[in-house]
Amino acid sequence: MSNYIVLVKQVPDISQISDNAFNPETGTLIRSKLANVINDLDAQALAFAHQMRALKKDESGKIIVLSMGPPMADEVLRYSLSRCADTAILLTDRLLGGADTVATANPLAFAIRKIVKEILNNSEDYYIITGMQSVDGDTAQVPAQIASELGISCIGYATHVAYEGGRFEFSSIITGGSQTVAARKMPIVITVAKYEHALFPQFALTRKANATQIITWGAADINATQIGLKGSRTQVTRVFPPEKTTRQCKQITNIAELAEIIRNTFKEKSEEEHTQSEKKAQYVLPERRVSTFDRSYDALDADCEAFALLERSLQTHGITNVAQITEELTETIAGELEQSMNRKQLDELLVALKIRTPKYSGDVWVAAECDEGEVILSTFELIGKARELADSLKVQVGVIIAGESVSTYGKALIAAGADKIYSIESPLLKDFDPITYEKVFSETVQTYKPQIVLYAATPQGRALAPMVSYNLGCGLTADCTSLDIKDRSKKGEIAVLLQTRPALGGNVMATICTVSSSVQMATARPGVMKRIAANENRIGEIIPCPANISKSDLSIEIIAKHKASGKVNFDVPVIVSGGKGLRCKQSFEQLLDELKASLHETLHIAVEEGATRAAVEQGFCERLRQIGQTGTAVAPQLYIALGISGAIQHMIGVANAGTIIAVNNDPSAPIFKQCDYYIVGNVEDIVPQLVEALAKEE
């Protein structure tokens with residue numbers, strides 16, 4: 001008999017979000033302005049668990065729903081009881097508030113241990129099922145961190161389940177395709193990326209749900225070791241609205257005008273524009289700054305201004321060293337600056353000026369990922385960012401890579417900007433297994449002690465990074481779009497990594513720093529960081545590292561991989577993508593091929609085809625062409641979207657495109673607010689007209 005513990009979360013309904021839902025001063029969400037609903041992927045996870053029980057034909061198996069949140073979160077538990085759940089447990093306590101993902105995963109894992117002991121009689125035949133991520137956090141870290149705390153494995157991005165030969169087999173999304181896997185060991189965590197078979201409330205179950213006593217536990221009932229703010233490993237330093245879109249969002253009604261826009265997209269920038277776009281101020285360590293008192297690299301603009309004011313005052317008194325500042329001089333400066341700051345603020349700044357040593361030491365690392373015998377593009381992008389960070393910190397770039405014969409990739413990784421390659425080789429590492437990879441990565445990081453480790457936010461990276469970081473007791477920030485070295489002088493922190501990421505479906509941005517950790521870790525969205533030009537003359541070192549694993553460590557069995565047979569190159573000037581709006585495979589192929597050929601002949605440049613996740617799942621094309629959060633992030637000069645509605649998961653993947661043109665027959669399609677130019681109309685009519693207009697331009 002198998003049992004199913006389903007994790008559900010109450011979240012704000014961001015589909016109804018508006019400008020007045022944010023505090024204009026802090027940029028934080030005013031949750032009372034929005035209705036609360038069950039996280040959509042958790043609702044799908046509940047349906048997934050229901051299907052698993054039905055497939056096994058064992059109605060004695062229990063479905064237990066667990067949620068952590070305020071007392072009002074019992075609404076999502078009653079929702080679950082009215083669908084299929086047998087038991088509902090709410091973990092609620094003020095002490096649990098303010099938690100990051102570590103301090104969320106830890107109490108949930110301890111609650112699961114209590115469920116197993118008190119309800120499941122210590123049976124190990126159970127599955128922990130949850131949505132891949134929640135809309136209010138978007139991190140996808142908690143499930144993997146729960147797995148790490150419990151010492152079990154995790155199958156991520158599940159989309160389908162079957163019961164074959166006395167065991168469950170799961171289909172899950174991987175980079176460039178999907179795979180069918182089964183658990184070698186129980187229990188195991190399953191995260192659901194898509195299972196759109198909705199469960200509806202039943203009259204009898206709804207009456208039962210309303211009458212059912214929800215089990216309520218507090219912090220004292222589970223005795224978790226990391227809770228609330230004190231147990232968190234990351235800290236939000238700033239929350240702010242995203243920058244106003246620079247997209248023009250201009251409607252075009254004339255096809256000839258659209259053809260001209262496409263041509264103009266490829267007029268070369270002037271040398272001056274190109275040079276300016278490349279300029280970026282790089283962090284400088286305090287010991288290398290011209291002035292001893294320079295704090296212009298602090299994280300907050302207000303602090304930079306206050307330090308600059310103090311620096312000017314000290315300079316007028318001929319002070320060049322902190323040791324020269326006497327109590328008498330402090331009193332004098334306090335009087336001079338009394339209109340700008342009080343004495344307490346001045347004392348804070350003077351103490352901060354004495355702190356010059358970086359908080360962290362060690363190199364900057366990148367966790368490499370391989371696919372089909374090649375290092376994926378995201379790894380090279382991260383090496384480019386790591387090179388920038390390491391140069392400003394005056395340290396080296398390391399790459400940690402695991403697999404069967406991965407030392408052969410060393411030359412390419414060094415040419416891309418790495419100084420040291422930490423190569424972990426074993427036949428048991430041929431395929432990604434969360435348990436074995438967590439073990440060898442954790443041991444290597446512990447041995448060499450880097451100060452930063454960056455992972456790509458791919459399906460593999462989003463499973464591995466949370467498990468390694470949790471195992472090592474380190475903070476982790478997910479899906480970063482910006483990584484910068486800054487000081488937090490008043491906090492006594494010099495040269496720390498500030499990690500900025502979108503949340504709430506991109507409606508808000510958060511800057512986060514690591515606390516109470518030996519290593520700063522982050523995952524970064526593919527396509528956001530820039531790869532630097534390879535230098536084949538660079539010299540580096542390949543360091544073999546032990547793989548202390550055995551067959552008994554393997555936690556999953558890969559039954560089959562479903563990868564596209566062809567190749568796709570998204571590193572091209574133009575990408576033409578199709579969505580579900582193209583209706584069928586024949587229409588998809590015909591329209592994209594027709595426009596692709598026309599653009600290639602007219603502009604004399606490479607053009608590639610892409611697709612949305614919905615188009616892939618409709619069978620219009622292979623998964624390797626999928627663009628978006630669970631596909632590939634791209635950055636062409638021109639992106640043409642045909643029949644694409646503009647879901648946030650897809651638009652994340654094209655955020656760095658130069659010009660976006662959209663064609664859709666829905667006048668209120670969300671993509672029209674996220675593109676540069678758009679035409680309202682049927683794609684079947686617009687594409688032939690555009691092809692004709694492009695030909696006339698020649």
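Draft legend 1. Molecular detail of the overall build of the protein chain. For the protein chain, the helix and strand inventory stands at 20 helices and 31 strands. Its C-alpha atoms give the protein chain a radius of gyration of 27 Å, within 12% of the compact-globule value 26 Å for 698 residues. Its C-alpha atoms put the protein chain at 85 × 75 × 55 Å along the principal axes. Residues classed as buried in the protein chain amount to 56% of the 698 residues present. For the protein chain, the proportion of contacts with a sequence separation of at least 24, taken over those separated by at least 6, is 72%. When the accessible area of the protein chain is evaluated, it comes to approximately 30,700 Å², of which 48% is carbon and sulfur surface.

Draft legend 2. Structural detail: helix α1 (residues 40–56). For α1, spanning 17 residues, the distance from its first C-alpha to its last is 25 Å, which sits close to the expected 24 Å at 1.5 Å a residue. Within α1, the full set of buried residues consists of Leu41, Asp42, Ala43, Gln44, Ala45, Leu46, Ala47, Phe48, Ala49, Met52 and Arg53. Looking one or two residues beyond α1, the residue adopting positive phi is Lys57, at roughly 55 degrees.

Draft legend 3. The pattern of salt bridges, seen in detail. Going through the model one piece at a time under the given rule, you end up with 33 salt bridges. Taking the shortest distance from any N to any O, the salt bridge between Asp479 and Arg462 comes out at 2.5 Å. Here Asp479, found in strand β20 (residues 476–480), pairs with Arg462, found in helix α16 (residues 461–471); they are 17 residues apart in sequence, far enough to count as distant. With respect to burial, Asp479 and Arg462 carry one shared label: buried. We note a salt bridge from Arg525 to Asp479, for which the minimum N-O separation is 3.9 Å. Of the two residues, Arg525 is situated in the loop between β24 (520–524) and β25 (541–545) and Asp479 in strand β20; the sequence distance between them amounts to 46 residues. There is no split in this pair, since Arg525 and Asp479 are both buried. Overlapping salt bridges, with partners in common, bring together Glu327, Glu331, Arg343 and Asp347 in one network.

Draft legend 4. Expanded view of the sheet that holds β20. Spatial strand order, β20-β24-β19-β14-β17-β18-β25: seven strands in an open sheet with parallel pairing. In this open sheet, the two edge strands, each paired with only one partner strand, are β20 and β25. The average undirected angle you get between the axes of adjacent strands in this sheet is 25 degrees. In terms of strand pairing, strand β19 (residues 452–456) meets β24 through five bridges, oriented parallel.

Draft legend 5. Main features of helix α13 (residues 377–393). Taking 1.5 Å as the rise per residue, α13 with 17 residues should run 24 Å; its terminal C-alpha atoms sit 25 Å apart, in good agreement. For α13, the tally of buried residues reaches 14 of 17 residues, placing the bulk of the element in the interior. Directly after α13, the chain includes Lys394, whose backbone phi takes a positive value near 60 degrees.

Draft legend 6. Representation of the nonpolar core within the structure. Core analysis: the largest hydrophobic core is formed by 38 residues, its most contacted members being Val364, Leu393, Val399, Ile401, Leu413, Leu454 and Ile485. Only β14 (364–367), α13, β17 (397–403), α14 (410–415), β19, β21 (482–488), β22 (493–503) and β24 provide two or more residues apiece to this core. Among all residues touching Leu393, those that are not within four sequence positions of it are Leu285, Val364, Gln451, Ile452, Ile485 and Ala495.

Draft legend 7. A look at the packing of helix α10 (residues 301–316) against helix α11 (residues 327–336). Between α10 and α11, the shortest axis-to-axis distance is 11 Å and the interhelical angle comes to 125 degrees. Of the possible angle classes, the one that applies to α10 and α11 is oblique. Where α10 crosses over α11, the two elements pack in a sense that is right-handed. Within the contact between the two elements, α10 uses Leu310, Ser313 and Leu314 and α11 uses Leu329, Ile333 and Glu336.

Draft legend 8. Seen up close, the sheet that holds strand β13 (residues 250–251). The parallel open sheet is built from six strands, whose spatial order is β13-β31-β30-β29-β27-β28. The sheet is open, and its two edges are formed by β13 and β28 (607–611), each paired on a single side. For strand β29 (residues 638–642) and strand β30 (residues 659–664), the ladder comprises five bridges, and the chain directions are parallel. Bridging across to β30, Leu642 finds its partner in Val663.

Draft legend 9. Structural view of the environment of Ala323. Turning to its location among the elements, Ala323 is positioned in the loop between α10 and α11. For the pair Ala323 and Lys354, spaced 31 residues apart in sequence, the C-alpha to C-alpha distance is 8.7 Å.

Draft legend 10. Geometry of the domain arrangement of the protein chain. According to the domain assignment, the protein chain contains domain 1 (3–232), domain 2 (250–271 + 568–696), domain 3 (292–353) and domain 4 (364–559). On a C-alpha basis, the centroid separation for the pair domain 1 and domain 4 is 28 Å. Counting each side, the surface lost to burial between domain 1 and domain 4 is near 3,000 Å², with a carbon and sulfur contribution of 55%. Contact with domain 4 buries surface across domain 1, with Gln141, Thr175 and Arg184 losing the most and accounting together for 19% of the total. Along the contact surface separating domain 1 from domain 4 lie one salt bridge. Two residues, Glu557 and Arg167, come together in a salt bridge whose shortest N-O distance is 2.7 Å. Grouping the constituent residues of the side of domain 1 that touches domain 4 by class yields 21 nonpolar, 14 polar and seven charged.

Draft legend 11. A look at the pairing of strand β6 (residues 126–131). Most of β6 is tucked away, with six of its six residues classed as buried. Here strand β1 (residues 3–7) pairs with β6 via five bridges, running parallel. The partner of Val6 across the bridge, within β6, is Ile129. As defined by bridge partners, β6 adjoins strand β10 (residues 188–192) across five bridges and the pair is classed as parallel. In the strand pairing of β10, Thr130 is matched with Thr191.

Draft legend 12. Fine view of the confidence of the model for the protein chain. With 94% of its residues at a pLDDT of at least 70, the protein chain reaches an overall mean of 92. Residue range residues 24–28 is modelled with pLDDT below 50. Its contacts to residues more than four positions away, or to other chains, number eleven contacts. Low pLDDT, under 50, characterises residues 269–278; the predicted model gives this stretch zero contacts beyond four residues in sequence or across chains.

Draft legend 13. Region of interest: empty space enclosed by the protein. In total, this model carries three cavities of 30 Å³ or more according to the counting rule given. Here the largest cavity defines a volume of roughly 130 Å³. In terms of lining, the largest cavity is formed by 17 residues, of which the most central are Arg525, Pro526, Gly628, Ala633 and Ile652. Its residues assigned to classes, the lining of the largest cavity shows seven nonpolar, seven polar and three charged. Here the lining of the largest cavity gathers at least three residues from each of two domains, domain 2 (250–271 + 568–696) and domain 4 (364–559). Around the second largest cavity, the lining residues are Met132, Ala140, Pro143, Ala144, Cys154, Gly156, Tyr157, Thr191, Pro459, Arg462 and Ala463. Looking at the lining of the second largest cavity, the elements with two or more residues in it are α4 (142–150), β7 (153–164) and α16. It is β7 that contributes the most residues to the lining of the second largest cavity, three residues altogether. Residue composition of the lining of the second largest cavity, grouped by class: eight nonpolar, two polar and one charged.

Criteria and thresholds
Residues numbered from 1 in each chain as written. Predicted model: local features only at pLDDT ≥ 70, side-chain atom pairs only at ≥ 80, totals over all residues. Heavy atoms only, no water. Helix = DSSP H or I, 4+ residues; strand = E, 2+ residues; numbered from the N terminus. Rg over C-alpha atoms; globule rule 2.2 N^0.38 Å. Buried < 20%, exposed > 50% of the residue type's maximum accessible area, 1.4 Å probe, protein only. Contact = heavy atoms within 4.5 Å. Areas by Shrake-Rupley, 256 points an atom, 1.4 Å probe, with all protein chains shown as cover. Expected span 1.5 Å × (residues − 1). Salt bridge = Lys/Arg side-chain N within 4 Å of Asp/Glu carboxyl O. Pairing = 2+ DSSP bridges. Axes fitted to C-alpha atoms, helices over the stretch in contact; angles between N-to-C directions. Core = buried A, V, L, I, M, F, W, Y, C linked by side-chain atoms within 4.5 Å. Parallel < 35°, antiparallel > 145°, perpendicular 65-115°, else oblique. Left-handed = near helix turned anticlockwise from the far one by under 90°. Domains from an automatic or database assignment. Buried area = accessible area lost by both parts, 1.4 Å probe. Nonpolar A, V, L, I, M, F, W, Y, C, P; charged D, E, K, R; others polar. pLDDT = per-residue confidence, 0-100. 1 Å grid on protein atoms, 1.4 Å probe; cavity = no way out; pocket = protein on both sides within 12 Å on 5 of 7 lines; lining within 4 Å. Points joined across faces, edges and corners; volume = space filled by probe spheres on them.

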